[in-house]
2 protein chains.
Amino acid sequence: MTDSWVNSAERIGADLHLELSGPGGRRAALTRALREAVRSGRLAPDTRLPPYRSLAADLGIARNTVADAYAELVAEGWLTARQGSGTRVAAGVAPPPGRRRRDLPAPVPEKAAPHAPGSPHTASHPSGSPHDLRQGTPDASSFPRAAWLASYRRALQQAPNEAFGPGDPAGRVELREALAEYLARARGVRVEPGRIVICSGFAHALRLLFPRVLRGPLAVESYGLGFHRELLADASVRTVPLPLDEDGARVGELGRERAVLLTPAHQFPTGGPLHAERRAAVIDWARARDGVILEDDYDGEFRYDRRPVGALQGLDPERVVHIGSVSKSLSPALRLGWMVLPERYVDAVLDVKGEREAWAGVPEQLALADFIDSGSYDRHVRRMRQRYRGRRDRLVTALAERAPHVEVTGIAAGLHAVLRLPPGTEGRAVEAAARRGVALDGLAGFRHPEAVMSAPDGLVVGYATPAEHAYGAALEALCGALPPG
Amino acid sequence: MTDSWVNSAERIGADLHLELSGPGGRRAALTRALREAVRSGRLAPDTRLPPYRSLAADLGIARNTVADAYAELVAEGWLTARQGSGTRVAAGVAPPPGRRRRDLPAPVPEKAAPHAPGSPHTASHPSGSPHDLRQGTPDASSFPRAAWLASYRRALQQAPNEAFGPGDPAGRVELREALAEYLARARGVRVEPGRIVICSGFAHALRLLFPRVLRGPLAVESYGLGFHRELLADASVRTVPLPLDEDGARVGELGRERAVLLTPAHQFPTGGPLHAERRAAVIDWARARDGVILEDDYDGEFRYDRRPVGALQGLDPERVVHIGSVSKSLSPALRLGWMVLPERYVDAVLDVKGEREAWAGVPEQLALADFIDSGSYDRHVRRMRQRYRGRRDRLVTALAERAPHVEVTGIAAGLHAVLRLPPGTEGRAVEAAARRGVALDGLAGFRHPEAVMSAPDGLVVGYATPAEHAYGAALEALCGALPPG
């Protein structure tokens, strides 16, 4: 067992230790150890297990060994595996809090349904009324079906024939023109369509850049999405954590890296904007070091209490790669994003993409262009901003009434807030929430494994994901799970 | 100069030699050598230059050096650069056939428009009436807009809310169910929805498989798409060419590889199906060696003169990865394809895709499901099969009348035919066609660089790409460009 896995508190209880010993091979030992962890309650119901790859790497065993052990435990009914939701501890197999069922008989096997339909966010929840307060996705029930369909229809009717042939890897010019106008107006991006490359989202942008256009090491914020770090690691890019404080990333501590990935408008997940002096400082750094800044503008449209924070890119378009998508503003199901590139990277990125568009569907590119040009995008963003602001206010009010000792931060913008907790209580709070059917993440899961800054305890509460009618019950369940003051 | 570049006849005249000598650095020497090659006519108008990466590798110089040299020659007007079409020799700069203009003045610079809209297939053609007879894409003017829009509307109206949240990396179950039914019925694939993974097309399928699910070396047919070989090379997968004969790939000569990529229904590009005995033999090979066969079923629906050739996958679903897409049957602009996987690879491929759908747009997945379920897909394929059969017949008739000495092969199926040419005439025929405004490829461009089989001369004529009204003129121009009998 290495520490890196033990500390992945978003996935698995922070106090879990697996002993791979006893008779049989590694597979048998791992199966036994996991079964015992579930049986004893050390792994709570609905706890998500690490992906095969991560656990295999942490234990120094083959990925197939992990896969086989999981599969056996799914067949036995201890775990459930549902596509999109990963492998989790099954409902109803752990002891109630306070006692350990050492001799629990194996439960009735649940039919494994690896590709079952249904929301990946809710499919494997143990309770009948799951509450999804994980960050990262907008309210799927608010997708503007009628307006989107109108744009898609106009796009399909007006498209020239060549739109149905092989596509330009830069993306449709109609969309790049619409985005150039929108990003300049709404986000202060300095751009012409020729420097925009359409992609499938932020992760795709990272894949296009690394390792063939940019090389590591890449400085990153000490807290961020583990998924991005894994993707970079897969591309053999070393990430180096930058400490954070109340003014955002401490860019003055950039080392020998020539590239840094930031969330300047709204640090993810801790929630503040990068201070104006630091914005200027990191631009100076990039100019002096011939460096480049990747700006993840993941929720820049959703700002509630203050003047919008413009894109960092506006300070120096030749030093910043500005990356955005519709995943938070509209839907992650569309798989549409964009990169605004310094001139010198455009050809190289297109070279990586290939001679033809291999990723983003052209009719939906044209539909998004129409959606922006017709004003539907602005209307939708305004509507959702109102709605999310209302949810944030309800969260803050509920906490003030029910858990006044819990500080809530990062609420000026975005689709999530952070609840600060007393030291040492985060893991238990995540587990308590899970027992009440609330899925959410602790801060620890977002921490870079090599981070050296202090490690505050906290819960990341995504308030955008539930449908409007389900939000009140989710808040109620959350408040009930918080540690007493 | 290495031979590999000299022999890339699809890109550049086979007799070109570049001497990087004289004053200045490598950039100046390369610029000078390329300028002279264009000026002297050794590089004909519209000849496509190799990508930066390829030429840089072949010459052993930096990619930026090649990029700079190209950029300079674009600025001078010798070359044109248009996105999606690569860098080409500009129109009007070469001498007429038969003489060399040693002292041609530099032409008026043409404005470089790297991201101009317009069809990548026609944008850089020198003549006012370009004819695109390159293989690989269906008639873009035949996209069934009304039927597709009807399916998209129904899909959007009927989708559950969760469809607009994060997607399942396996793809929507509605689409996998529709495909399972369709592929079983139309292609003889043995499949249930749980073994289908949706992807963006064949190239994406290769990226998902290599190198993280399967490892090289990978046996491939001696003739195939260079784009696929490059993609595999980028993934550090060595490809080993299998000889072809009139019965298709000589699978009895498989060496120590454990994986082979085949086009069993219609060898690409030479045109025949894999003989029944070889189909059986390669399945036997896979079983005996614990190997796997990748079946590229790129145009399996378009069979004209004989009983359909079923998918190889039907012989042993646990030994064949069956890969298809709508790129030939409907449009490459949709970026939708599928893999039918042996059970043992499903989890590994999904693991590579990640926890959420990162590529294929969900509304269009649902639209395709409706398009198949409603019968629109069958109707469209039947209509296009009729149309392409008519075009093939017109090609055969025109050749019989105008060039009876040219043998045409590979016409029982697909969207292209191969015209066999006398030895040593292929390069000149491609150039002659280009002078008449006909874009097509010679066989040499599809040949694996390490192939040891004989190298027949031939032209690959894609008859699907032109719009219906433009096809007659394209045929006329083609016949005029063929070598005399």
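Small disclaimer: the values here were computed from a predicted structure and weren't measured. (Residues numbered from 1 in each chain as written. Chains lettered and ligands numbered in written order. Predicted model: local features only at pLDDT ≥ 70, side-chain atom pairs only at ≥ 80, totals over all residues. Heavy atoms only, no water.)

Caption draft 1: Layout of the overall build of chain A. From N to C terminus, chain A includes 14 helices and 17 strands. A buried classification covers 62% of the 485 residues belonging to chain A. Partitioning the intrachain contacts of chain A with sequence separation of at least 6 by distance along the chain shows that 74% fall at a separation of at least 24. In the form shown here, chain A has an accessible surface area of approximately 18,000 Å², with 50% of it arising from carbon and sulfur atoms. (Helix = DSSP H or I, 4+ residues; strand = E, 2+ residues; numbered from the N terminus. Buried < 20%, exposed > 50% of the residue type's maximum accessible area, 1.4 Å probe, protein only. Contact = heavy atoms within 4.5 Å. Areas by Shrake-Rupley, 256 points an atom, 1.4 Å probe, with all protein chains shown as cover.)

Caption draft 2: Highlighting the relation of the copies chain A and chain B. Superposition of chain A onto chain B requires a rotation of 180° combined with a translation of 0.0 Å along the rotation axis, giving an RMSD of 0.2 Å. This pairing of chains is accounted for by a two-fold axis. Every residue of chain A has its C-alpha some distance from the rotation axis, and the shortest such distance is that of Trp359 of chain A, at 3.2 Å. The fraction of interface residues of chain A whose copies in chain B are also interface residues reaches 98%, indicating that both copies meet through the same surface. (Least-squares fit on C-alpha atoms with pLDDT ≥ 70 in both.)

Caption draft 3: Examining the sheet that holds strand β4 (residues 196-199) of chain B more closely. Residue and element names in this part refer to chain B. Here 7 strands make up an open sheet; going across it, the order is β4-β12-β11-β10-β9-β5-β6 and the pairing mixed. If you trace the sheet from one side to the other, it starts and ends with β4 and β6 (239-242), each paired once. Strand-to-strand, the axes of this sheet are offset by a mean angle of 20°, without reference to chain direction. Looking at chain direction, strand β10 (residues 292-296) and strand β11 (residues 320-325) are connected through 4 bridges and run parallel. In the sheet register, Asp296 faces β11, and the bridge partner there is Ile323. Running at roughly 110° to β4, helix α6 (residues 173-187) makes contact with β4, β11 and β12 (337-340) of the sheet. (Pairing = 2+ DSSP bridges. Axes fitted to C-alpha atoms, helices over the stretch in contact; angles between N-to-C directions.)

Caption draft 4: Structural context of helix α6 (residues 173-187) of chain A. All names here are of chain A. Its 15 residues give α6 an end-to-end C-alpha distance of 20 Å, which sits within 8% of 21 Å, the value for a rise of 1.5 Å per residue. Of the positions making up α6, those classed as buried are Val173, Leu175, Arg176, Ala178, Leu179, Ala180, Tyr182, Leu183 and Arg187. Contacts from the buried residues of α6 go to β4 (196-199), β11 (320-325), β12 (337-340), α11 (362-373) and α12 (376-402). In the segment just after α6, Gly188 is the residue with positive phi, at about 70°. (Expected span 1.5 Å × (residues − 1).)

Caption draft 5: Looking closely at helix α5 (residues 145-158) of chain A. Taking 1.5 Å as the rise per residue, α5 of chain A with 14 residues should run 20 Å; its terminal C-alpha atoms sit 20 Å apart, in good agreement. All buried positions along α5 of chain A are accounted for by Trp148, Leu149, Ala150, Ser151, Tyr152, Ala155 and Leu156 of chain A. The secondary structure elements touched by the buried residues of α5 of chain A are α11 of chain A together with α5 (145-158) and α11 (362-373) of chain B.

Caption draft 6: Quick peek at the side chain of His380 of chain A. Structurally, His380 of chain A can be placed in helix α12. If we skip the residues at most four places from it in the chain, His380 of chain A touches Ser142, Pro144, Ser329, Leu330 and Phe371 of chain A.

Caption draft 7: Layout of the confidence of the model for chain A. Residues and elements named next belong to chain A. Model confidence for chain A is summarised by a mean pLDDT of 85, while 86% of its residues fall at 70 or above. A low-confidence stretch, residues 1-15 stays under pLDDT 50, and its non-local contacts, those more than four residues away or across chains, total 37 contacts. Of the regions scoring below 50 in pLDDT, residues 94-129 engages in 83 contacts with residues more than four places distant in sequence or in other chains. (pLDDT = per-residue confidence, 0-100.)

Caption draft 8: A look at the nonpolar core. Ranked by size, the top nonpolar core spans 142 residues in total, and within it Trp148, Leu368 and Tyr377 of chain A together with Trp148, Leu368 and Tyr377 of chain B carry the most contacts. Apart from the residues lying within four places of it in its own chain, the contact partners of Tyr377 of chain B are Tyr182, Glu301, Ser325, Val326, Ser329, Leu330, Trp338, Leu368, Phe371 and Ile372 of chain B. Judged by nonpolar contacts, the second largest core, of 31 residues, contains Leu206, Val213, Leu261 and Val346 of chain B. (Core = buried A, V, L, I, M, F, W, Y, C linked by side-chain atoms within 4.5 Å.)

Caption draft 9: Structural view of the packing of helix α7 (residues 202-209) of chain B against helix α8 (residues 226-234) of chain B. Residues and elements named next belong to chain B. In the contact formed by α7 and α8, the axes pass within 10 Å of each other and the chain directions differ by 25°. Of the possible angle classes, the one that applies to α7 and α8 is roughly parallel. Of the two elements, α7 crosses α8, and the hand of that crossing is right-handed. Residue-level contacts link Phe202, Ala203, Leu206 and Arg207 of α7 to Phe227, His228, Leu231 and Leu232 of α8. Partitioning the contact of α7 with α8 into residue classes produces 6 nonpolar, 1 polar and 1 charged. (Parallel < 35°, antiparallel > 145°, perpendicular 65-115°, else oblique. Left-handed = near helix turned anticlockwise from the far one by under 90°. Nonpolar A, V, L, I, M, F, W, Y, C, P; charged D, E, K, R; others polar.)

Caption draft 10: Expanded view of the pattern of salt bridges. Residue and element names in this part refer to chain A. Considering all chains together, one arrives at 52 salt bridges over all chains under this definition. A salt bridge links Asp139 to Arg391, with the nearest nitrogen and oxygen atoms 3.0 Å apart. On the criterion of sequence distance, the pair formed by Asp139 in the loop between β3 (131-132) and α5 and Arg391 in helix α12 is long-range, its members being 252 residues apart. In this pair, the class of Asp139 matches that of Arg391, namely buried. Each of Asp139, Arg387, Arg391 and Glu468 takes part in one network of salt bridges that share partners. (Salt bridge = Lys/Arg side-chain N within 4 Å of Asp/Glu carboxyl O.)

Caption draft 11: Region of the structure containing the interface of chain A and chain B. Taken together, the contact between chain A and chain B spans 64 residues of the former and 63 residues of the latter. Buried surface at the junction of chain A and chain B, summed over both partners, amounts to about 5,800 Å²; 54% is from carbon and sulfur atoms. Linking chain A with chain B are 6 salt bridges. The residue Arg48 of chain A makes a salt bridge to Glu355 of chain B at a minimum N-O spacing of 2.6 Å. Connecting chain A to chain B are 25 residue pairs in polar contact (both at pLDDT 80 or more). The set of elements that each furnish at least two residues to the side of chain A that touches chain B consists of α3 (52-59), α5, α6, α7 (202-209), α10 (343-353) and α11 of chain A. Here the element with the most residues in the side of chain A that touches chain B is α5 of chain A; it accounts for 8 residues. In terms of residue class, the side of chain A that touches chain B is built from 29 nonpolar, 17 polar and 18 charged. (Buried area = accessible area lost by both parts, 1.4 Å probe. Polar contact = N/O pair within 3.5 Å; in protein donor to acceptor, adjacent residues only side chain to side chain.)

Caption draft 12: The arrangement of the packing of aromatic side chains in detail. Evaluated as defined, the whole model comprises 20 aromatic pairs over all chains. Measuring from centroid to centroid gives 4.2 Å for Phe143 of chain A and Phe164 of chain B, while their planes differ by 10°, and the two rings are stacked. Remark: Phe164 of chain B occurs in the loop between α5 and α6 and Phe143 of chain A occurs in the loop between β3 and α5; the pair is interchain, linking two chains. Taking the relative accessible area as the measure of exposure, Phe143 of chain A reaches 5% and is therefore buried. A residue is classified by how much of its surface remains accessible, and Phe164 of chain B, at 3% relative accessible area, is buried. Ring centres of Phe268 of chain A and Tyr298 of chain A lie 5.5 Å apart, and the angle between their planes is 85°; this geometry places the pair in the edge-to-face category. Of this pair, Phe268 of chain A sits in the loop between β9 (259-262) and α9 (276-289) while Tyr298 of chain A sits in the loop between β10 (292-296) and β11, placing them 30 residues apart in sequence. Residue Phe268 of chain A is classed as buried on the basis of its relative accessible area of 7%. Under the relative-accessibility criterion, Tyr298 of chain A is labelled buried at 12%. One aromatic cluster in this structure is built from Phe143, Trp148, Tyr182, Phe371 and Tyr377 of chain A together with Phe164 of chain B. (Phe/Tyr/Trp six-rings, centres within 6.5 Å; stacked < 30°, edge-to-face > 60°.)

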